[in-house]
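Tertiary structure, described
Chain by chain, the residues:
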Amino acid sequence: HQWPHTHVKTHTNFPDSGLGGHNHCRNPDQDMTPWCFTMDSEVRWDYCDVPPPSEAPCVHTFEAPPPNITTIALNQMVRGEAPEHVFRYYHVPMGETVQSIKIVLVPHTGESDLYVSFDNPLPTGANYTFMQEKVGVDVFEIGRENRFFCNGLSSGSCMLYLSVLGWEASTFSLIVYGVEKSYFVEAEHADVSQMPVLLCAAGCEWRSLGDGRCNPQCNRADCFWDRGDCDADATGCSADCRPEWLGDGYCDQACYTAQCQWDRRDCRRGKRQTGPPKPPCADYCMPDLLGDRECNAECNTETCEYDAGDCFHEHDECYERADGADYRGRVSTTVSGLECQAWSEQSPHAHVDTHEKSPRAGLGGHNYCRNPDGSPRPWCYTLDPNTRWEVCAVGPPSEMSCISPPTPTPPPPTPPTPTPTAPPT
């Protein structure tokens, strides 16, 4: 459960730590002793009084099965399946001439997420380097210019480690495109991310498959027939929203869109909402995401009041620390005028500076300058493929204490009670 304390210590992220639908004490993060989150809203967690460790070997009633690992080749589409809350692992040998890769995960049934690593053979939610968990097709690109590619090797071979998590029992197709260095030389002035070799068909972006809009270029076998968007009985609802999910009493993010009738009232009220249910404000912005202390890109719109205040639109430019680590303003361009890449995005620059990795750094579904890593000044990744990052001009720190978000305007004074001109009758 995520109440009264939200957390990431789940079976999904720590599949071998004995977590799940119970409240028994565990130690998923190698702490001193087993512990748990508490039901006291004022005490987030505490250690447990468990017996001392046994000196004799323990007899376990259950042993986890060995991990399911499959080795696949570059540029080869494979089909797989993952039971609910189970990881499927893939190892991909990378030749020394591979300059860039593009990973594409196409769900067919259920819901699946992608985890990527170059140094952990079994990436999970607890040890991944990169993660893609968007609704629909997941796409991830990275090249040797990125320090995480092949653990920083500018040349030479290495191994790519992938895992696919089934949030529900899922089937999927997976391909890892490997692009040789010679390809970039021949296409020196081309936008290589749009080249047909990295797509299922010219003019068909992978992310557009199954988005509810029929694209004739995608309506072919190589593109999985646009995941049903061009079928005669298509409703415009995302392919990731199964018809049986609508109105089933469970809030499904894939169904929370106008075209899917907002999951037929399955998502009427979030855990933190009081009073009458609020009307939907944006596609995929479920009520539970509003005001959860994370800026969610889906909710960062005016109609959603910028994620109920989580996306810093009420903050001013005041900050106090010399390095700007406490800057929560809204400057979104660098000193040279380049526009910043949103922290929740992995394109054009793949990175690990995410809200999941640094939950107290003011990151999330926005592109405002921040300093999550102890740099001398706030900075951002840029939307220029040739400039990975650059510092921002956020002004000097304040010598006065900051109050951010700004103090709300006080309410108007209560009107004075009129003096009666005659005694009441």
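Here the structure is a predicted model, which is why all the values come from computation and not from measurement.

**Let's talk about the overall build of the chain**
Per the secondary structure count, the chain includes two helices and 13 strands. Burial analysis of the chain (425 residues in total) assigns 42% to the buried set. The contacts of the chain with a sequence gap of at least 6 include a subset with a gap of at least 24, amounting to 56%. Carbon and sulfur atoms make up 53% of the accessible area of the chain, which amounts to about 24,100 Å² in all.

**Quick notes on a nonpolar patch on the surface**
Residues Met 32, Trp 45 and Tyr 47 make up a contiguous nonpolar surface patch of roughly 350 Å² in combined accessible area. In this structure, Trp 45 sits in strand β2 (residues 45-47).

**Considerations on the sheet that holds strand β9 (residues 138-143)**
Read from one edge of the open sheet, four strands run β4-β11-β6-β9, paired in antiparallel fashion. The open sheet has two edge strands with one neighbour each: β4 (78-82) and β9. Adjacent strand axes in the sheet meet at a mean angle of 20° when their direction is disregarded. In this structure, strand β6 (residues 98-109) lies alongside β9, joined through six bridges in antiparallel fashion. Bridging from a neighbouring strand, Ile 101 pairs with Ile 142 of β9.

**Quick word on empty space enclosed by the protein**
The tally for this structure, following the rule as stated, stands at one cavity of 30 Å³ or more. Within this model, the largest cavity holds a volume of roughly 90 Å³. Taken together, Pro 107, Gly 110, Glu 111, Ser 112, Lys 134, Val 135, Gly 136, Asp 240, Trp 245 and Ala 254 make up the full set of residues lining the largest cavity. Here the lining of the largest cavity is composed, by residue class, of four nonpolar, three polar and three charged.

**Things to note about the state of the cysteines**
Two cysteines, two sulfur atoms, one covalent bond between them: this is a disulfide. In this structure the tally under the stated criterion is 14 disulfides. In this model Cys 285 forms its disulfide with Cys 299; the gap between the sulfur atoms is 2.0 Å. Measuring the twist about the S-S bond at about 110°, one finds the Cys 285-Cys 299 disulfide to be right-handed. Pair noted here: Cys 285 is in the loop between α1 (181-186) and α2 (305-308) and Cys 299 is in the loop between α1 and α2, with a separation of 14 residues, a long-range link.

**Structural notes on the confidence of the model for the chain**
Model confidence for the chain is summarised by a mean pLDDT of 87, while 88% of its residues fall at 70 or above. In the predicted structure, residues 192-196 sits below a pLDDT of 50 and forms 14 contacts with residues beyond four places in sequence or in another chain. Residue range residues 418-425 is modelled with pLDDT below 50. Its contacts to residues more than four positions away, or to other chains, number zero contacts.

**Some remarks on the sheet that holds strand β7 (residues 112-117)**
What links the strands of a sheet is backbone hydrogen bonding, and the strands pair in either a parallel or an antiparallel sense. Read from one edge of the open sheet, five strands run β3-β5-β10-β7-β8, paired in mixed fashion. Both edges of this open sheet fall to β3 (69-71) and β8 (130-132), since each of them pairs with a single strand only. Across the sheet, the axes of successive neighbouring strands diverge by a mean angle of 20°, strand direction being ignored. The pairing of strand β5 (residues 87-94) with strand β10 (residues 158-166) spans eight bridges and is antiparallel. Paired with Val 92 across the bridge in β10 is Leu 160.

**Describing the nonpolar core**
In this structure, Ile 101, Ile 103, Ile 142, Leu 160, Leu 162 and Leu 174 are the most contacted members of the largest nonpolar core, which totals 29 residues. Those elements that place two or more of their residues in this core are β4, β5, β6, β7, β9, β10 and β11 (170-180). When near neighbours in sequence (up to four residues on either side) are disregarded, Ile 103 contacts Leu 114, Val 116, Asp 138, Val 139, Phe 140, Leu 160, Leu 162, Leu 174, Ile 175 and Val 176. Judged by nonpolar contacts, the second largest core, of 17 residues, contains Val 106, Tyr 177, Cys 200 and Ala 201.

**A word on unusual backbone geometry**
Geometrically, the link from Ser 347 to Pro 348 is a cis peptide bond, its omega value of 10° lying close to zero. You can see Pro 348 is positioned in the loop between α2 and β12 (379-381). For Gln 30, which is not glycine, the phi dihedral falls at a positive 60°. Tracing the chain through its elements places Gln 30 in the segment before β1 (35-37).

What counts, and at which threshold
- Residues numbered from 1 in each chain as written.
- Predicted model: local features only at pLDDT ≥ 70, side-chain atom pairs only at ≥ 80, totals over all residues.
- Heavy atoms only, no water.
- Helix = DSSP H or I, 4+ residues; strand = E, 2+ residues; numbered from the N terminus.
- Buried < 20%, exposed > 50% of the residue type's maximum accessible area, 1.4 Å probe, protein only.
- Contact = heavy atoms within 4.5 Å.
- Areas by Shrake-Rupley, 256 points an atom, 1.4 Å probe, with all protein chains shown as cover.
- Patch = residues over 30% accessible without salt bridge, like charges linked within 9 Å, V, L, I, M, F, W, Y side chains within 5 Å.
- Salt bridge = Lys/Arg side-chain N within 4 Å of Asp/Glu carboxyl O.
- Pairing = 2+ DSSP bridges.
- Axes fitted to C-alpha atoms, helices over the stretch in contact; angles between N-to-C directions.
- 1 Å grid on protein atoms, 1.4 Å probe; cavity = no way out; pocket = protein on both sides within 12 Å on 5 of 7 lines; lining within 4 Å.
- Points joined across faces, edges and corners; volume = space filled by probe spheres on them.
- Nonpolar A, V, L, I, M, F, W, Y, C, P; charged D, E, K, R; others polar.
- Disulfide = S-S within 2.5 Å.
- pLDDT = per-residue confidence, 0-100.
- Core = buried A, V, L, I, M, F, W, Y, C linked by side-chain atoms within 4.5 Å.

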